[in-house]
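Close look at the chain arrangement
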Amino acid sequence: MKGVYVLVISVGKNIKPKIGVLGKIGFKKGLYAYVGSAQNNLEKRISRHLKKRKKKFWHIDYLTANKVVTIKKIYYKKSNKKEECITAKKLSRVGVPVKNFGCSDCNCESHLFKIRDYEFLRKFGFAETPPVVQFTD
Ligand SMILES: [Zn+2]
């Protein structure tokens, strides 16, 4: 399946990890939503996000590798790539952007947002976790 996904990320306490070339970024304890897309094998991409040990390639890898960070929920939608930035724009209306995060290849302000809840993602047309995905610690 190809599509767009939103990771709902829980940051367990205030942290300031190094996010690749972006340098150190402060994250307040709380929930964040990250939007990404996979043009093939969405399931595999999502499984990769759930692994703690991995080569860090995307900005999000630096965040999810942190030990106080967990992926709480995953939403997805079958779609083409442009839906990724459309979703980022929608998220910017409900969340606070972490500037320049995850958007090196587009003109968005960010693809990561601090959010208060995530129920609204259903209104954006997203479904919950694909059944093939197994959460692991
Ligand atoms: Zn974008």
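Here the structure is a predicted model, which means the values were calculated and not measured.

Let us now look at helix α3 (residues 82–94). Regarding α3, the residues found buried are Glu 84, Thr 87, Ala 88 and Leu 91. Viewed along the axis of α3, the buried residues span an arc of 105 degrees, placing them on a single side of the element. In this structure, α3 carries Lys 82, Lys 89 and Arg 93 as exposed residues pointing more than 90 degrees from its buried face. Close packing links the buried residues of α3 with β1 (3–11), β2 (30–38) and β5 (112–115).

It is worth spelling out the sheet that holds β5 at this point. Here we have six strands laid out as an open sheet, ordered β4-β5-β2-β1-β3-β6, and antiparallel in their pairing. Whereas interior strands pair on both sides, the edge strands pair on one side only; in this sheet they are β4 (96–97) and β6 (127–128). In this sheet, β2 lies alongside β1 in antiparallel orientation, the contact comprising nine bridges. From the neighbouring strand, Ile 9 faces β2, where its bridge partner is Tyr 32.

Here we take up the nonpolar core. Counting residues in hydrophobic clusters, the biggest one holds 28 residues, and the most contacted among them are Tyr 5, Val 6, Ala 33, Tyr 34, Val 35, Tyr 75 and Tyr 76. Every element with two or more residues in this core is listed here: β1, β2, α1 (42–50), α2 (59–64), β3 (69–78), α3 and β5. Looking at this core, the element that brings in the most residues is β1, giving five residues. Sequence-distant contacts of Val 35, that is, excluding residues within four places in its chain, are made with Val 4, Val 6, Glu 84, Thr 87, Ala 88, Leu 91 and His 111.

Positive phi values are uncommon outside glycine, yet Asn 41 reaches one of about 50 degrees. Within the secondary structure, Asn 41 sits in the loop between β2 and α1. Classification of Asn 41 by C-beta neighbours within 10 Å gives exposed; the count is 12. Of note, the phi angle at Asn 100 is positive, near 70 degrees, even though the residue is not glycine. You can see Asn 100 is positioned in the loop between β4 and β5.

Each value, and the rule that gives it
- Residues numbered from 1 in each chain as written.
- Predicted model: local features only at pLDDT ≥ 70, side-chain atom pairs only at ≥ 80, totals over all residues.
- Buried ≥ 20, exposed ≤ 12 C-beta atoms within 10 Å, placed from the backbone.
- Helix = DSSP H or I, 4+ residues; strand = E, 2+ residues; numbered from the N terminus.
- Arc of directions from axis to C-beta.
- Contact = placed C-beta atoms within 7 Å.
- Pairing = 2+ DSSP bridges.
- Core = buried A, V, L, I, M, F, W, Y, C linked by C-beta atoms within 7 Å.

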